[in-house]
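In case you want the letters, here they are:
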Amino acid sequence: MSNPHASLLAQLDTLTPEQLRRLLVDQLTKKKLGLNWETNLIERDAALNANIVLPRLVAEYSHALDAPNSHQNLIIEGDNFDALRLLGATHRGKIRVIYIDPPYNTGNKDWVYNDHYVGANDRYRHSQWLEFLYRRLTLARDLLRKV
């Protein structure tokens, strides 16, 4: 049984520049099934240890925890990555439920929040999106308490 990659490599020296361009376009645009999840561990570590954005308490939206019928629920509005990192310092293993509304990466200009994290034409956009969510889900997992 012959290796198709070996025969292709043997032909490369005989191709004209135009034939080589056509072959590259065919290979690069060929529909492929599967997912290639690339990650950069140094970049991930830098993101996790980057400067954290500290919250501010908005008094009119808050209530006293010692007031009658008070609840110990917490709503954080802001970037979920920063919120999860902040909660990691004080609430690790203590949270029952986390609801995260992730950006959907539509790139729409009329969206209230930044919704353009991964380029639409980037060949590795799926890997970048998975890595984007993986960082947040890993932080969220560490916050959840054991049942």
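Structure: see above.
Worth saying up front: this structure is predicted, and the values here are computed from it rather than measured.

Asks: Before we go on, may I ask you to explain the overall build of the chain in this structure?
Replies: The helix and strand tally for the chain stands at five helices and zero strands. From first element to last, N terminus to C terminus, the chain shows the α and β order α-α-α-α-α. Split into buried and exposed, the 147 residues of the chain put 16% on the buried side. Pairs at least 24 apart in sequence give 66% of the contacts found in the chain among residues at least 6 apart. Carbon and sulfur atoms provide 57% of the accessible area of the chain, an area that totals close to 12,800 Å².

Asks: Before we go on, may I ask you to explain the side chain of Asn 80 in this structure?
Replies: As for its position among the elements, Asn 80 is in helix H4 (residues 80-90). For Asn 80, a relative accessible area of 14% corresponds to the buried category.

Asks: Explain the packing of H4 against helix H5 (residues 125-143) here, please?
Replies: Two numbers describe a pair of packed helices, the interaxial angle and the distance between the axes. Interhelical geometry of H4 versus H5 gives an angle of 30° and a closest axis separation of 9 Å. Compared by their axis directions, H4 and H5 come out roughly parallel. As H4 packs across H5, the resulting crossing turns out to be left-handed. Two secondary-structure elements touch here, H4 through Asn 80, Phe 81, Leu 84, Arg 85, Leu 87 and Gly 88 and H5 through Arg 135, Arg 136, Leu 139, Ala 140 and Leu 143. Class assignment for the residues of the contact of H4 with H5 results in six nonpolar, two polar and three charged.

Asks: Looking at this structure, I do not really get the packing of helix H3 (residues 41-48) against H5. What am I missing?
Replies: The N-to-C vectors of H3 and H5 enclose an angle of 50°; their axes lie 12 Å apart at closest approach. By the angle between their directions, the pair H3 and H5 is classed as oblique. The two elements H3 and H5 cross, and the hand of that crossing is right-handed. For the pair H3 and H5, contact is made by Glu 43, Arg 44, Ala 47 and Leu 48 and by Glu 131, Tyr 134, Arg 135 and Leu 139, respectively. Looking at side-chain class alone, the contact of H3 with H5 contains four nonpolar, no polar and four charged residues.

What counts as what
Residues numbered from 1 in each chain as written. Predicted model: local features only at pLDDT ≥ 70, side-chain atom pairs only at ≥ 80, totals over all residues. Heavy atoms only, no water. Helix = DSSP H or I, 4+ residues; strand = E, 2+ residues; numbered from the N terminus. Buried < 20%, exposed > 50% of the residue type's maximum accessible area, 1.4 Å probe, protein only. Contact = heavy atoms within 4.5 Å. Areas by Shrake-Rupley, 256 points an atom, 1.4 Å probe, with all protein chains shown as cover. Axes fitted to C-alpha atoms, helices over the stretch in contact; angles between N-to-C directions. Parallel < 35°, antiparallel > 145°, perpendicular 65-115°, else oblique. Left-handed = near helix turned anticlockwise from the far one by under 90°. Nonpolar A, V, L, I, M, F, W, Y, C, P; charged D, E, K, R; others polar.

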